[in-house]
Amino acid sequence: MTVPALDLLYVEDNEDDAFLFREVLEKTRYARLLGVARDGEEAIQFLRREGPHAKAGTPNLIVLDIRMPKADGFEVLRQLKGDPRYRHIPVAILTTSSREEDMVRSYEQGVVSYLVKPTRLTDLEWMVKKFLEYWSRVSRVPGNGHRGGKMGRKLSS
């Protein structure tokens, strides 16, 4: 079966977490990493194709941390969901915070999934793989190979 690959933007300020996410992503065939934004301001610049991101692609899924410098995940959500150019892009939270108020606030601001980072690498690998498999094989997102087959990269499973 051919599966359209997701074009993903990962927003994470922790270098170790970003490295681990990339490692897990490389083991799956469900997504292509368009870029890693190190803070909320860079995420917005990436989406607006500003500065060094002038040639960036448009993701059809964003994985976002909450606690970041410059602009936190909630500010990124506010800007994304307030802009008609980006509000259709699904945003999932991947964070260490298991605080109820963070979960509630995230869902109120339009996230589609809230994932708490596990402490064990094998658990993180399993979680990210299942998450990407769901978004690639079960759910459909705009720009993911569903406009006459011209958008998105096709991968075999």
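Everything in this summary refers to the structure shown in the same document. Just so we're clear, the structure is a prediction, and the values are computed from it rather than from any experiment. (Residues numbered from 1 in each chain as written. Predicted model: local features only at pLDDT ≥ 70, side-chain atom pairs only at ≥ 80, totals over all residues. Heavy atoms only, no water.)

1. Let's talk about helix H5 (residues 121-138)
Thinking step 1. Helix length check: H5, at 18 residues, gives a terminal C-alpha distance of 25 Å against a target of 26 Å (1.5 Å per residue), a fit within 8%.
Thinking step 2. Residues of H5 that are buried include every one of Leu124, Met127, Val128, Phe131, Leu132, Trp135 and Ser136, and no others. The buried side chains of H5 occupy one side of the element, clustering within an arc of 150° when seen end-on. Along H5, the residues that are exposed and aim more than 90 degrees away from the buried face are Trp126 and Val138. (Helix = DSSP H or I, 4+ residues; strand = E, 2+ residues; numbered from the N terminus. Expected span 1.5 Å × (residues − 1). Buried < 20%, exposed > 50% of the residue type's maximum accessible area, 1.4 Å probe, protein only. Arc of directions from axis to C-beta.)

2. Observations regarding unusual backbone geometry
Thinking step 1. Positive phi values are uncommon outside glycine, yet Arg49 reaches one of about 60°.
Thinking step 2. Topologically, Arg49 is positioned in the loop between helix H2 (40-48) and strand E4 (61-64).
Thinking step 3. The residue Lys70 is not glycine, and still its phi comes out positive at about 70°.
Thinking step 4. Judged by relative accessible area, which is 64%, Lys70 ranks as exposed.

3. Description of the sheet that holds strand E5 (residues 91-95)
Picture the strands of a sheet paired through backbone hydrogen bonds; they go either parallel or antiparallel.
Thinking step 1. Within the open sheet, the five strands sit side by side as E3-E2-E4-E5-E6. Their pairing is parallel. Of all strands in the sheet, those with a lone pairing partner are strand E3 (31-37) and strand E6 (113-116), marking the two edges. Neighbour to neighbour, the strand axes of the sheet diverge by 20° on average, direction disregarded.
Thinking step 2. In the sheet, strand E2 (residues 6-11) pairs with E3 via six bridges, with the strands oriented parallel. From the neighbouring strand, Leu8 faces E3, where its bridge partner is Leu33. (Pairing = 2+ DSSP bridges. Axes fitted to C-alpha atoms, helices over the stretch in contact; angles between N-to-C directions.)

4. Section: the packing of helix H1 (residues 15-27) against H5
Thinking step 1. Where H1 contacts H5, the two axes come as close as 10 Å, and the packing angle between them is 55°. Considering the angle they form, H1 stands oblique to H5. Helix-helix and strand crossings are classified by hand; for H1 and H5 the assignment is right-handed. Contacts from Leu20, Phe21, Val24, Leu25 and Lys27 of H1 reach H5 at Leu121, Leu124, Glu125, Val128, Lys129 and Leu132. (Parallel < 35°, antiparallel > 145°, perpendicular 65-115°, else oblique. Left-handed = near helix turned anticlockwise from the far one by under 90°. Contact = heavy atoms within 4.5 Å.)

5. Thoughts on the environment of Tyr114
Thinking step 1. The residue Tyr114 is located in strand E6 in this model.
Thinking step 2. Under the relative-accessibility criterion, Tyr114 is labelled buried at 10%.
Thinking step 3. Distance in space between the C-alpha atoms of Tyr114 and Leu94 is 6.4 Å, their sequence separation being 20 residues.
Thinking step 4. Dropping the residues within four chain positions of it, Tyr114 is found in contact with Ile66, Ile93, Thr95, Ser97, Arg99, Asp102, Met103, Ser106 and Tyr107.
Thinking step 5. Of the polar contacts made by the side chain of Tyr114, one reaches the backbone oxygen of Ser97; its length is 2.8 Å. (Polar contact = N/O pair within 3.5 Å; in protein donor to acceptor, adjacent residues only side chain to side chain.)

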